[in-house]
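Topology and contacts: notes
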Amino acid sequence: MIKLFRKRIEKKVILEQPISETDFVIVDTELTGLNEFKDNIIAIGAIKMRGKTIKIGEVFYRTVSPSTNKFRKESIMIHEITPSELEKCPRIEPILREFMRFSKNCIFVGHCLDVDLVFLKKEIRSNLRETFDPDGLDTLLIYKWLIKKGVLPSHFENKNSLEDIALSLGVEARELHDALSDAFITAQIFQKLLSYLGEFKIFTVGELLKIGSIHTKSLTDMMKKEAYQL
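Residues numbered from 1 in each chain as written. Predicted model: local features only at pLDDT ≥ 70, side-chain atom pairs only at ≥ 80, totals over all residues. Heavy atoms only, no water.

Let's talk about the sheet that holds strand β1 (residues 23-31)
Paired through their backbone hydrogen bonds, the strands of a sheet run either parallel or antiparallel. The mixed open sheet is built from 5 strands, whose spatial order is β3-β2-β1-β4-β5. Here the strands that pair on one side only, and so sit at the sheet edges, are β3 (53-63) and β5 (136-138). On average, each strand axis in the sheet is inclined to that of its neighbour by 25°, with strand direction left out of account. Pairing geometry for strand β4 (residues 107-110) and β5, over 3 bridges, is parallel. Within the sheet, the bridge partner assigned to G110 lies in β5 and is D138. Seen against the sheet, helix α7 (residues 179-198) touches β1, β2 (41-50), β3, β4 and β5 and runs at an angle of roughly 30° to β2. In the packing of helix α8 (residues 205-212) onto the sheet, the strands contacted are β1, β4 and β5, and the crossing angle to β5 comes to about 55°. (Pairing = 2+ DSSP bridges. Helix = DSSP H or I, 4+ residues; strand = E, 2+ residues; numbered from the N terminus. Axes fitted to C-alpha atoms, helices over the stretch in contact; angles between N-to-C directions. Contact = heavy atoms within 4.5 Å.)

What follows is the structure in C-alpha cells.
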C-alpha cells in the first residue's frame, strides 16, 4: 500500500515537472525483422537530452549477437547489418543491463517508438526476468498534433517516415537505419517540436504526455509500416 502511494506521488511529481528540467533518452533499435515473436534486437542506439538540449557526449550504441540466426532479407537490405558481422558481438543480456543503467530515470522518446519498446520489453522480460514499462513519447504523434493545430503545413499530413519528417523540418537525414544515427536525427526533430509546443505554452511533462504519449493512442500498425517504410 505504501509502495503504491509512493508511486502515485512520484508520478504526480513527474507530470508537473518542467520539460526544461526533464531528462529524455531518444532511442532506436535495429531488428532481425518485425515479428515480435520470432525476431530480435541486433543494435540499440540512444542519445540523451535535457529539455531541448541534446547531450552530444551522452550516447549509447551497441550491436549484439541475436538469439536467432534467421535474418529476414528485407531487414538486412534496410540496416545493412549481416549475420557474419554480429558473430563476435556480445549476447544481449549485458547490453540490456548497460542500457537500463544508461536510460534510468529518463522518459523515452522515439519515432514509431512503440515498435522499439515492444522488442525492448520482450528482450528484458525474457533475458533479465524484469518488467520494463517506461513512459514514452512518440515524435510522430507530436508532429501530427502540430499539423492539426495548423502550426505545420497541412501538406505535411502524409509524411510519416523519419526521413520525410526530418527533411520537412530542415533536419539533415544522413546514414538512415543506423540505430545511433536515427536516434540523433529523432533528437533533432524532437528539439524542433518542443520549440513549436512552446507557442501553445506546453511546458510540463504532463502536458507533453497528453499530446505524444504512446499510451494515448495506438498507432502500432502504422508505426510498424513506417518504421521500415514498407
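Past the structure itself, the notes keep going.
Digging into the pattern of salt bridges
As enumerated under the stated definition, the model contains 8 salt bridges in all. Residues D133 and K121 are paired through a salt bridge, measuring 3.4 Å at the closest nitrogen-oxygen approach. Of the two residues, D133 is situated in the loop between α4 (113-128) and β5 and K121 in helix α4; the sequence distance between them amounts to 12 residues. A residue is classified by how much of its surface remains accessible, and D133, at 52% relative accessible area, is exposed. A relative accessible area of 25% means that K121 is categorised as partly exposed. (Salt bridge = Lys/Arg side-chain N within 4 Å of Asp/Glu carboxyl O. Buried < 20%, exposed > 50% of the residue type's maximum accessible area, 1.4 Å probe, protein only.)

Some points on the packing of aromatic side chains
Summed over the entire model, instances satisfying the criterion amount to 7 aromatic pairs. A ring pair is formed by F24 and F190, whose centres lie 5.1 Å apart and whose planes are at 75°; its orientation type is edge-to-face. With F24 in strand β1 and F190 in helix α7, this residue pair connects regions lying 166 residues apart in the sequence. Joined through ring pairs, the aromatic side chains of F60, F99, F102, F108 and F132 make up one cluster. Here K48 stacks its cationic end above the ring of F102, 4.7 Å away from the centre of that ring. (Phe/Tyr/Trp six-rings, centres within 6.5 Å; stacked < 30°, edge-to-face > 60°. Lys NZ or Arg CZ within 6 Å of the ring centre and 35° of its normal.)

Quick notes on the pairing of β4
Every second residue of β4 is oriented toward a common face, with I107 and V109 on one face and F108 and G110 on the other, all of them buried. As paired elements, β1 and β4 share 3 bridges and run parallel to each other. If you follow I26 over to β4, its bridge partner there is V109. For the handedness criterion, the β-α-β arrangement of β4, α4 and β5 is classed as right-handed. (Right-handed = clockwise from strand over helix to strand, strands pointing away.)

Focus: unusual backbone geometry
Phi at N105 takes a positive value of approximately 65°, unusual for a residue other than glycine. Its location among the elements puts N105 in the loop between α3 (92-102) and β4. Located in the positive-phi region is C112, a residue other than glycine, with phi close to 55°. Secondary-structure assignment places C112 in the loop between β4 and α4.

Concerning the packing of α3 against α4
When two helices pack together, their arrangement is captured by the angle between the axes and the distance separating the axes. Contact geometry for α3 and α4: axes closest at 10 Å, N-to-C directions at 115°. Of the two possible hands of crossing, α3 and α4 adopt the one that is left-handed. Across the interface between the two elements, I92, E93, L96, R97, F99 and M100 of α3 pack against L120, E123, I124, N127 and L128 of α4. Counted by class, the contact of α3 with α4 contains 7 nonpolar, 1 polar and 3 charged residues. (Left-handed = near helix turned anticlockwise from the far one by under 90°. Nonpolar A, V, L, I, M, F, W, Y, C, P; charged D, E, K, R; others polar.)

Quick notes on the nonpolar core
Grouped together as the largest cluster of nonpolar side chains are 36 residues, with contacts concentrated most on F24, I189, F190 and L208. Listing elements by their share of this core, those giving two or more residues are β1, β2, β4, α5 (139-148), α6 (162-168), α7 and α8. It is α7 that contributes the most residues to this core, 8 residues altogether. For F24, the residues in contact, after removing those within four places along its chain, are I19, I47, K48, M49, G51, C106, I107, V109, L137, F190 and L208. V25, L96, F102 and F108 belong to the second-largest nonpolar core, a separate cluster that totals 25 residues. (Core = buried A, V, L, I, M, F, W, Y, C linked by side-chain atoms within 4.5 Å.)

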